[in-house]
Amino acid sequence: MKRLFALLLAFAACATLAAKEAAPLAEDPEIEKRLISISEELRCLVCQNESLAGSRADLAMDLRREVRKLLKEGKTDAEVREFMVSRYGDFVLYRPPVKPTTWLLWAGPFVFVIAGVAVLIVYLRRRGREVKDVPLSDDERRRAEALLKEEN
Amino acid sequence: MKKFLLPLALFVVLVGFLAVGLNRNPREVPSPLVGKPAPAFRLTQLAEPGKEFSPADMQGKVWVLNVWASWCVSCREEHPLLVEFARAGVAPLIGLDYKDQRGDALRWLKQFGNPYDFSAFDADGRVGIDYGVYGVPETYVIDKAGVIRHKHIGPVTVEALEKTIIPLINELKRS
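Residues numbered from 1 in each chain as written. Chains lettered and ligands numbered in written order. Predicted model: local features only at pLDDT ≥ 70, side-chain atom pairs only at ≥ 80, totals over all residues.

Draft legend 1. Geometry of the overall build of chain B. The number of helices and strands found in chain B is 5 helices and 7 strands. The linear arrangement of helices and strands in chain B, starting from the amino end, is α-β-β-β-α-β-α-β-α-β-β-α. Taking 2.2 N^0.38 as the reference for a compact globule, 175 residues should give roughly 16 Å; the C-alpha atoms of chain B span a radius of gyration of 20 Å, well beyond that estimate. Viewed in the frame of its principal axes, chain B has a C-alpha envelope of about 80 × 35 × 30 Å. For chain B, the residues scored as buried account for 37% of the 175 residues in total. (Helix = DSSP H or I, 4+ residues; strand = E, 2+ residues; numbered from the N terminus. Rg over C-alpha atoms; globule rule 2.2 N^0.38 Å. Buried ≥ 20, exposed ≤ 12 C-beta atoms within 10 Å, placed from the backbone.)

Draft legend 2. Summary view of the overall build of chain A. When you go through chain A residue by residue, the secondary structure sums to 6 helices and 0 strands. Counting from the amino terminus, chain A carries its helices and strands in the arrangement α-α-α-α-α-α. For chain A, the proportion of its 152 residues judged to be buried stands at 14%.

Draft legend 3. Just unusual backbone geometry, in detail. All names here are of chain B. Following Val136, the chain continues into Pro137 via a peptide bond in cis, with omega recorded as -5 degrees. On the secondary structure map, Pro137 appears in the loop between α4 (126–130) and β6 (138–142). Positive phi values are uncommon outside glycine, yet Lys99 reaches one of about 45 degrees. Its place among the elements puts Lys99 in the loop between β4 (93–98) and α3 (102–112).

Draft legend 4. Inspection of the interface of chain A and chain B at higher detail. In this complex, chain A contributes 13 residues to the contact, which on the side of chain B involves 11 residues. Breaking the side of chain A that touches chain B down by element, the ones donating at least two residues are α3 (58–72) and α4 (77–88) of chain A. In terms of residue class, the side of chain A that touches chain B is made up of 7 nonpolar, 3 polar and 3 charged. (Contact = placed C-beta atoms within 7 Å. Nonpolar A, V, L, I, M, F, W, Y, C, P; charged D, E, K, R; others polar.)

Draft legend 5. Broad picture of the sheet that holds β4(B). All names here are of chain B. Taken together, the 5 strands give an open sheet; going across it, the order is β5-β4-β3-β6-β7, and neighbouring strands pair in mixed fashion. Whereas interior strands pair on both sides, the edge strands pair on one side only; in this sheet they are β5 (118–122) and β7 (148–153). On average, each strand axis in the sheet is tilted by 20 degrees relative to the strand beside it, whichever way the strands run. When strand β3 (residues 63–68) meets β4, the two strands line up parallel, connected through 5 bridges. The residue bridging Val67 from the neighbouring strand is Leu96, located in β4. (Pairing = 2+ DSSP bridges. Axes fitted to C-alpha atoms, helices over the stretch in contact; angles between N-to-C directions.)

Draft legend 6. Broad picture of the domain arrangement of chain A. By the assigned domains, chain A splits into domain 1 (23–97) and domain 2 (102–151). For domain 1 of chain A and domain 2 of chain A, the distance between their C-alpha centroids amounts to 53 Å. (Domains from an automatic or database assignment.)

Draft legend 7. Seen up close, α3(B). Residues and elements named next belong to chain B. Buried within α3 we find Ala105, Trp108 and Leu109. The buried residues of α3 occupy one face: seen down the axis, they fall within an arc of 95 degrees. Structural note: α3 exposes Gly103, Arg107, Lys110 and Gln111 on the side pointing more than 90 degrees away from its buried face. In the core, the buried residues of α3 are packed alongside β4. One or two residues past the end of α3 sits Gly113, with phi positive at roughly 95 degrees. (Arc of directions from axis to C-beta.)

Draft legend 8. View of the pairing of β4(B). All names here are of chain B. For β4, the tally of buried residues reaches 6 of 6 residues, placing the bulk of the element in the interior. Burial along β4 is two-sided: Leu93, Gly95 and Asp97 facing one way and Ile94, Leu96 and Tyr98 facing the other are all buried. With helix α2 (residues 73–88) bridging β3 and its parallel neighbour β4, the resulting β-α-β unit is right-handed. The pairing of β4 with β5 spans 5 bridges and is classified as parallel. Looking across to β5, one finds that Asp97 is bridged to Phe121. Each parallel crossover has a hand, and the one from β4 via α3 to β5 is right-handed. (Right-handed = clockwise from strand over helix to strand, strands pointing away.)

Draft legend 9. Geometry of the confidence of the model for chain A. All names here are of chain A. Per-residue pLDDT for chain A averages 83, and the proportion of residues at 70 or more is 81%. Here helix α1 (residues 2–22) is the element of chain A with the lowest mean pLDDT, 53, and helix α5 (residues 103–130) is the one with the highest, 93. Across residues 17–23, where pLDDT falls below 50, the model places 0 contacts with residues more than four positions away in sequence or in other chains. (pLDDT = per-residue confidence, 0-100.)

In C-alpha cells:
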C-alpha cells in the first residue's frame, strides 16, 4: 500500500512537471495580458506595418520574450517602452511622443483646420460685402408675382 | 492669373515634400544609439568558444562591428567588400554572428572567406537586441572611447564605404 502511494506520488510529480513545461505562456495570465497590451502599441521592425503583438517574425518573437522577461522582473509599462525606444528609437512607438520635433506632427491637423476655418470666414465676409442688396422695382415685382401665380 | 499663384505655390510645396518623402528608404530607421556608448556585452568567440570578447577590450581603438549570419542572404552581397576592407587594414573588423549555429557559421566563413579579426557568437540574439539590430547585416563604427559613431543598415556598398565609413574611421583615428 505504501509503495503504491509512493508510486502515485511520483506519477503526480511527473505530471505537474510536464504540465509546467508544456505551457510556459499561460504561466501568468496577468503578465500575458500586459504583454499584449504593450506590444500592440509597438511596431515590429521587420514587417513595419505589423504590431509586435501580431507579428510572427523571428525578431518579434525575441522581443516579446524580452518584454515578458522585463514584466516578470516587475518593470512598469513605461520602463518597457523606454527599453524599446532606447534601442530602436521613437519609430517603434505607434503613438509618437509629444516633444519639440513632433510638435508639428501633433498640432499640424489642428493648425490646418483653424487655418481653413479662418480662410472660410474671411472669404464669406468679403463676399457678403461685395454682393449688394438691390431692391426690386415695382415693375419687376409685378412680373415676379405673375410668374409665381402661373406656377400655381 | 493672380488667383492661380497661391494654388500653384501650394502644389509646388506638396511636390517637394512628396519628392523627398517618397524617395526615402523606410527600412532605414535612424538609430538612437549613434553618439551613445556601445552597449557592453561578453560573448564567446565563434571559432574559439573558450575565448571571450567584450567591446571594452577594444578601448583606445577605432573599430568596426559587423552583424552577420550564415542564414542571411544579403550578407553574401556585402561579403566581398568586407574582405577587401579587411585586406586594406583600415580598422579592426569584428563580427557579431547573430542567431546562428556555430557549425553553419564556420562553414560559411570557410566558403566565402573570413574578413573578421574574429567573430563574437550571439546565439540567442540577445546582444543584437541591445544594439537595436532588426535586419542583418548591420555595421557599426565605434570610436576610441567606445562610442558608436555610425550605423549602416543593410549590406554595405562601395559608395557607403568610400564616402562615409572609411573617411569617418580615418577622422576618428586622428582625433
